[in-house]
Protein chains: 2
Amino acid sequence: MKLTTHEATTTTAQSQLPLDGRPRAVIEGVTPEVDAGRFPIKRVIGDRVIVEADIFADGHDQISADLLYRVTGATEWMRTPFTPLVNDRWRGEFTVDQLGRYQYTIVAWVDHLKTWRHDFERRLAAGSHSLIDIKIGAGYIAAHAGRAAGEDVAILADWARELAESTDLDTATDAALDDLRLATALAYPDATLQSRYARELEIVVDRERARFSSWYELFPRSTGRDGVYGTFSDVERLLPYIAEMGFNVLYLPPIHPIGQSFRKGPNNNVISEPGDPGSPWAIGAAAGGHTSIHPELGTLDEFRHLVAAAAEHGLEMALDIALQTSPDHPYVREHPEWFRWRPDNTVQYAENPPKKYQDIYPFEFETDAWRELWEELRGVFLFWIEQGVRIFRVDNPHTKPFAFWEWLISSLKAEHPDLIFLSESFTRPKVMYRLAKLGFTQSYTYFTWRNTAWEIREYLSEITSPPLSDYFRPNLWPNTPDILNEYLQSGRRPAFIARLILAATLGANYGIYGPAFELLEHVPAEPGKEEYLNSEKYQLRQWDLDRPDSLRDLIAQVNRIRNENRELHQNQTLHFHTIDNPSMVAYSKSDTERQNVMLTIVNLDPYHTHSGWVDLDLDDLGIDESHPYQAHDLLTGDRYLWSGRRNFIQLSPGALPAHIFKLRRHLHTEHDFDYFM
Amino acid sequence: MKLTTHEATTTTAQSQLPLDGRPRAVIEGVTPEVDAGRFPIKRVIGDRVIVEADIFADGHDQISADLLYRVTGATEWMRTPFTPLVNDRWRGEFTVDQLGRYQYTIVAWVDHLKTWRHDFERRLAAGSHSLIDIKIGAGYIAAHAGRAAGEDVAILADWARELAESTDLDTATDAALDDLRLATALAYPDATLQSRYARELEIVVDRERARFSSWYELFPRSTGRDGVYGTFSDVERLLPYIAEMGFNVLYLPPIHPIGQSFRKGPNNNVISEPGDPGSPWAIGAAAGGHTSIHPELGTLDEFRHLVAAAAEHGLEMALDIALQTSPDHPYVREHPEWFRWRPDNTVQYAENPPKKYQDIYPFEFETDAWRELWEELRGVFLFWIEQGVRIFRVDNPHTKPFAFWEWLISSLKAEHPDLIFLSESFTRPKVMYRLAKLGFTQSYTYFTWRNTAWEIREYLSEITSPPLSDYFRPNLWPNTPDILNEYLQSGRRPAFIARLILAATLGANYGIYGPAFELLEHVPAEPGKEEYLNSEKYQLRQWDLDRPDSLRDLIAQVNRIRNENRELHQNQTLHFHTIDNPSMVAYSKSDTERQNVMLTIVNLDPYHTHSGWVDLDLDDLGIDESHPYQAHDLLTGDRYLWSGRRNFIQLSPGALPAHIFKLRRHLHTEHDFDYFM
């Protein structure tokens, strides 16, 4: 169907006569839409995409509008009608059921046939209807017949004739009110009078893992027995341990050969001793670069074996890609044009003056050879994709050009729409959001530094609401190898539990850096810093995974609750509730049909028992205020009988600092008793 | 200068390599911008246009950005630098000093020279600077020298050489810190690395009357002596009366021949008697149509004489254009193709079923002959423009297509940028806002129905804040010939005074329909309706302008206050203050430099004296909390000594229900006394 592009005109040309001045509907205020369509929105397969717009025309005529959508590249649009809400706002929706990109846009028109019918009913109600009015309708129906197809042509032509030729008002009125034939006719609108929205908006449709994932980060080299350099086989041995905790993504820091030049010693010492393993992020040595494997970890075959073994445990492999080199990387010799050279003929190392990071060379993205550099780096991803990796955690993407990432992710996902990219960017908010807009599937957040109830409520509300949530998918981490927050340093076990439960229930995507997390590793390299003492970044560690104080069982329980309750698989329904103690936080997630509700309440003070009255927004939860309901704590199994908005909560850090409730609406009453009726 | 258009790429092409991948800055979140640049913003001549944007790049390099602007159609852009605010937000500004359209856009780039200097200062502070660092800077400066012009070439080349060849660190450091030559160099950035915002945004620059106007509406035919049909000469006789009240726009309802068919009698009676004058909006008769003058009002020459005479009194003529016809309009005979025909070979009259308006024919804008219709209607405006009219009050624009108005106003203003169009649309908000976006200079509002403090605060805040205020200019009317609000019906004199002062001080643009207003006309056609009894729309009225209870002197005083205080010439600084009595409202306007403040406080209850404590936002007013200040009531001349935020107010409807204060900051203290020092 040919569509008029009335809305596509630009401001500067408004004093020219338009191509066709007759389309009268206007379409504006379209949501979702990121930066006027500059970037796609993100959804996962199976999602209902809900599109709203302000649609109206001059005068008092009735409007019709269709939502058009298609897989990007398809020639035909699919259509679904918009329905009016209030205040000229309209809504339409469709389901995305295939990976990759979709497009959507809107057409709208003044619908004369619908207007005629609407007005006819009002005339009828006032007793002022006439045969003339019916003949006018016959004219519109005849026009629809002229655009109809198949047997509808005759059906509509007959209807038009019937109305036009009728001489009995009552008979004609009955025929004019024929809903069935009206519906048939409305399917053939006059396309020449249609306005079309100026933009075709895009959707990136990801697989479900993009929305719901539980990450476990692990340094492979620390998995060896008795202090020996760990190997991929050692990691395989740990797969049951990780899988039993309920994770579904296993993320490894870089596995490539590590440079010798300016290698860092333990605790980031600028001097290293022979035998010090160096930082895995100082990538590249004689043994190879970004497509090579550190010889002590194993071979490429062994890596592929690990990927397959992990999959058998329900664990998907995520690799860390850090686009930087050590001075010993083969690129430095083979492609000097990809680096910035100093007047003393040395390569410019990374620095943030006066700090110097001489073990790291950044790429020079402003090189004339940028095309070759981009293609080479794309090849790094393609190499690991060939080894079976589909999830990449990208190191510091905010220090490489935005245009590069946009091209890289778009072009890789064009061929592999199941890829997931996690942006490891802890920088200024607009930079982080831009990386999400341009294509990163998930993003690290400031969650690590949001430890008070007010901070948690403000920040999580911001990052889980539109328009941000249309493109930014938070992945919440209580700790990372770079960040041991003061809350964990000082709060010990109750703090670890609180942060675990917050991350796992606030974020559909979350992760921990283990075994440091479950083993309550909490000593900083120095007071006031967030670096771990004896960080695995610079040395091998041995972990006693069977320590009795390990959080592994609690983690397993929390992940089981996550896995079994779909309410926690998305952030869209996250809703904070008031609690009258500022050391506590309460929030719920419903499933998208609002049938089931999970309510989490956390005591954020690791030192003291706190109690308070939670004031639940029962309207949001869809719970009837006048009926009792059950709060079933899935952590302890305890069941509480509640009623109304306000309920009492007490949580002791010495026991468990949190409830994860499933709220159950239906409680038995006498009406359910067998002999009641 | 050639500019790279990195930002102009569209989403669908992101998997293609960009033309140039090296520009690294991104520009987003630009304000002001209406619907992603689909519509221009509005400003008046002399305004500073303040543009903000989020501008940033990857990494930690320094950014520079320029705001580009030009009169639309000019080949060269003018430039002014952006300066950073906080959180990656930048600001630039320029003055619009000519009527018509302007464009603006943004370029931004990673500035290596600025980065080098910034880093060098940090190295210097840490004592880690070196000759190598200085040589790197020399390289950047040499590149700038290569792009420089005139004598700057040599200046910069010398500087580069000086730095490159220096062997003494202290000397070289001094030279590296040369601010003067740095400023010279920074003027020659590397255009190949610049990103440019995807859109060129537009501004419509109007004359000052668009922002500040005081309208007086008058039915000319009611100005005759002794009940005789009034003429343009009679209106001329009233010019001193209107001018002395301080208005600057005189607006006349349609002055064209009035149809006989289905002519309405007094009080909208469907039957008229011979001699009934009919509604001026039923345009067109044997004597002519939209470019003719009702024979009893006078001739075209007399109209032109009135326009000139009004101008001599400081009154600009505004004409009402209603694009509809009576059944007797010459168009019906000459252009039947511009109307919709019914099966009984009659023209479709206006109706809102079951209501019929048989005295009015709407144009059929969906006619195949729409181009001829549009051009003809444009000709109507051009005709009156030729008679000296520059202000048009457009009747019910929301019942004619948006595309028509956009073209009409754009094309007329392209030749006559001093035109002002007031949109008389009292319909759903998005429709009213669309009309403003597409070009109407001013708009009627819901002010007429906003009579309580809460309503006034909410509504006025909405319509005077960005983004709405970037394109919507409210014109506030306490009454119109169609709307006698219940507040005026029942509240009598204090109500009229309160509404006058609210309209005149809340809105830089306001108007009254007189003499009904100043003569306190308040009886509705029937209880519960807003139509006037014996409305001038359907009959001649005689007004006794010298009645002792007339508000003319108060109106004159209020308009004098408006005219003498520039704070009231704009809405941008409107700020509501808390007052602890819900029957009272308090708000201020400062001038844009925040030097002078007008504070208005109104008792909205026409029946009772009210008092309350106003809590002034002294931060917004720029008043020092610790110093007393003077509140000078410009209505009464009374002066009050105030200090701090909270001050007591009492207003009696029997006296004056409002204060219009000028706040005066400087009060004399002992320090000002001649002999103090």
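Here is what the cut-offs are and how they apply
- Residues numbered from 1 in each chain as written.
- Chains lettered and ligands numbered in written order.
- Predicted model: local features only at pLDDT ≥ 70, side-chain atom pairs only at ≥ 80, totals over all residues.
- Heavy atoms only, no water.
- Helix = DSSP H or I, 4+ residues; strand = E, 2+ residues; numbered from the N terminus.
- Buried < 20%, exposed > 50% of the residue type's maximum accessible area, 1.4 Å probe, protein only.
- Contact = heavy atoms within 4.5 Å.
- Areas by Shrake-Rupley, 256 points an atom, 1.4 Å probe, with all protein chains shown as cover.
- Lys, Arg positive; Asp, Glu negative; His and termini not counted.
- Charge placed at Lys NZ, Arg CZ, Asp CG, Glu CD.
- Expected span 1.5 Å × (residues − 1).
- Pairing = 2+ DSSP bridges.
- Axes fitted to C-alpha atoms, helices over the stretch in contact; angles between N-to-C directions.
- Buried area = accessible area lost by both parts, 1.4 Å probe.
- Salt bridge = Lys/Arg side-chain N within 4 Å of Asp/Glu carboxyl O.
- Parallel < 35°, antiparallel > 145°, perpendicular 65-115°, else oblique.
- Left-handed = near helix turned anticlockwise from the far one by under 90°.
- pLDDT = per-residue confidence, 0-100.
- Polar contact = N/O pair within 3.5 Å; in protein donor to acceptor, adjacent residues only side chain to side chain.
- Least-squares fit on C-alpha atoms with pLDDT ≥ 70 in both.

1. Here we look at the overall build of chain A
Here comes step 1: For chain A, the helix and strand inventory stands at 15 helices and 30 strands.
Here comes step 2: Judged by the C-alpha coordinates and their principal axes, chain A covers about 105 × 75 × 45 Å.
Here comes step 3: Taking all 677 residues of chain A together, the buried fraction comes to 60%.
Here comes step 4: Nonlocal contacts in chain A, meaning residues at least 24 apart in sequence, comprise 75% of its contacts between residues at least 6 apart.
Here comes step 5: Accessible surface for chain A amounts to roughly 26,500 Å². Of this, 51% is attributable to carbon and sulfur atoms.
Here comes step 6: Across chain A, the 68 positively charged side chains and the 98 negatively charged ones have centroids separated by 3 Å.

2. A look at helix α2 (residues 131-147) of chain B
Residues and elements named next belong to chain B.
Here comes step 1: Taking 1.5 Å of rise per residue, 17 residues should cover 24 Å, and α2 covers 25 Å from first to last C-alpha, within 8% of that figure.
Here comes step 2: If you check which residues of α2 are buried, you get I132, D133, I134, G137, A138, I141, H144 and A145.
Here comes step 3: Looking at the packing, one finds that the buried side of α2 touches α1 (112-126), α3 (152-165), α4 (169-176) and α5 (179-186).

3. Remarks on the sheet that holds strand β30 (residues 658-664) of chain A
In a beta sheet, neighbouring strands are held together by backbone hydrogen bonds and run either parallel or antiparallel to one another.
Residues and elements named next belong to chain A.
Here comes step 1: One open sheet holds the eight strands; their spatial order is β28-β27-β30-β25-β24-β23-β26-β29, and the pairing between them is antiparallel. Each end of this open sheet is capped by a strand with a single partner; those strands are β28 (639-642) and β29 (646-651). For this sheet, the mean angle separating the axes of adjacent strands, direction not counted, is 30°.
Here comes step 2: By the bridge criterion, two bridges tie strand β23 (residues 575-579) to strand β26 (residues 610-615) in an arrangement that is antiparallel. For I579, the partnering residue across the bridge sits in β26 and is V614.

4. A few points about the interface of chain B and chain A
Here comes step 1: At the junction of the two partners, chain B supplies 83 residues and chain A supplies 83 residues.
Here comes step 2: Summed over both partners, the interface of chain B with chain A buries about 7,100 Å², with 54% contributed by carbon and sulfur atoms.
Here comes step 3: Run the count over chain B and chain A and you get 14 salt bridges.
Here comes step 4: Across the pair E366 of chain A and R24 of chain B runs a salt bridge, and its minimum N-O distance is 2.9 Å.

5. Structural notes on helix α7 (residues 300-312) of chain B
Residue and element names in this part refer to chain B.
Here comes step 1: Over its 13 residues, α7 runs 19 Å from end to end, which matches the ideal 18 Å to within 8%, given 1.5 Å per residue.
Here comes step 2: Listing the buried residues of α7 in full gives F303, L306, V307, A309 and A310.
Here comes step 3: Those residues of α7 that are buried are in contact with α6 (232-244), β12 (249-252), β13 (316-321) and α9 (370-386).
Here comes step 4: At the C-terminal side of α7, G314 shows a positive phi close to 75°.

6. A look at the pattern of salt bridges
Here comes step 1: Summed over the entire model, instances satisfying the criterion amount to 106 salt bridges over all chains.
Here comes step 2: The salt bridge involving D119 of chain B is made with R122 of chain B; its shortest N-O contact spans 3.5 Å. Separated by three residues within a single helix, D119 of chain B and R122 of chain B lie in helix α1, roughly one turn from each other.
Here comes step 3: Residue class for R122 of chain B comes out partly exposed when judged on its relative accessible area of 30%.
Here comes step 4: Here the salt bridges do not stand alone but share partners, grouping E52, D54, R89 and R91 of chain A together with K430 of chain B into one network.

7. Quick notes on the packing of α2 of chain B against α3 of chain B
Residues and elements named next belong to chain B.
Here comes step 1: One can describe the packing of α2 onto α3 by two numbers: an axis separation of 8 Å at closest approach and a directional angle of 165°. Here α2 lies roughly antiparallel to α3, going by the angle between them. At the point where α2 passes α3, the crossing takes the left-handed sense. On α3, the residues touching I134, K135, A138, I141, A142, H144 and A145 of α2 are V153, L156, A157, W159, A160, L163 and A164.

8. Some words on the environment of A157 of chain A
Residues and elements named next belong to chain A.
Here comes step 1: Mapped onto the secondary structure, A157 falls in helix α3 (residues 152-165).
Here comes step 2: Of the residues examined, A157 reaches a relative accessible area of 26% and is grouped as partly exposed.
Here comes step 3: Put simply, A157 and A138 are 19 residues apart on the chain and 9.0 Å apart in space, counted from C-alpha to C-alpha.

9. Overview of the sheet that holds strand β30 (residues 658-664) of chain B
Residues and elements named next belong to chain B.
Here comes step 1: The eight strands lie next to each other as β28-β27-β30-β25-β24-β23-β26-β29, forming an open sheet whose pairing is antiparallel. The sheet terminates laterally at β28 (639-642) and β29 (646-651), the two strands that pair on one side only. Recorded for the sheet is a direction-independent mean angle of 30° between the axes of neighbouring strands.
Here comes step 2: The strands that helix α13 (residues 486-506) touches are β23 (575-579), β24 (584-590), β25 (597-603) and β30; relative to β24, the one it contacts most, it runs at about 30°.

10. Focus: the confidence of the model for chain A
Here comes step 1: Confidence along chain A averages 95 in pLDDT terms, with 96% of residues attaining 70 or more.
Here comes step 2: Prediction confidence for the complex, expressed as pTM and ipTM, is 0.94 and 0.94 respectively.

11. Here we look at the side chain of R473 of chain B
Here comes step 1: Position of R473 of chain B among the secondary structure elements: in the loop between α12 (453-463) and β21 (474-476).
Here comes step 2: Engagement of the side chain of R473 of chain B in a polar contact is seen with the side chain of D206 of chain B, the distance being 3.0 Å.

12. Brief notes about the pairing of β29 of chain A
Residues and elements named next belong to chain A.
Here comes step 1: Side chains N647, I649 and L651 of β29 all project onto a buried face; the interleaved residues R646, F648 and Q650 project onto a face where none is buried.
Here comes step 2: One ladder, built from six bridges, connects β26 with β29; its direction is antiparallel. What sits directly across from H610, in β29, is L651.

13. Quick word on the environment of R117 of chain A
Residues and elements named next belong to chain A.
Here comes step 1: Within the secondary structure, R117 is located in helix α1 (residues 112-126).
Here comes step 2: Taking the C-alpha atoms as reference points, R117 and L67, separated by 50 residues in sequence, lie 23 Å from one another.
Here comes step 3: Excluding its chain neighbours within four sequence positions, the residues that come into contact with R117 are A176, L177, D178, D179 and L182.
Here comes step 4: Among the polar contacts listed, one links the side chain of R117 to the side chain of E121, at a separation of 2.6 Å.

14. Regarding the relation of the copies chain B and chain A
Superposition of the two copies of the chain requires a rotation about an axis together with a shift along that axis.
Here comes step 1: Under the fitted operation, chain B is carried onto chain A by 0.0 Å of movement along the axis and a turn of 180°, and the coordinates agree to an RMSD of 0.1 Å. Viewed as a symmetry operation, the transformation between the two copies matches a two-fold axis. Among all residues of chain B, the one whose C-alpha sits closest to the rotation axis is A36 of chain B, at a distance of 3.0 Å.

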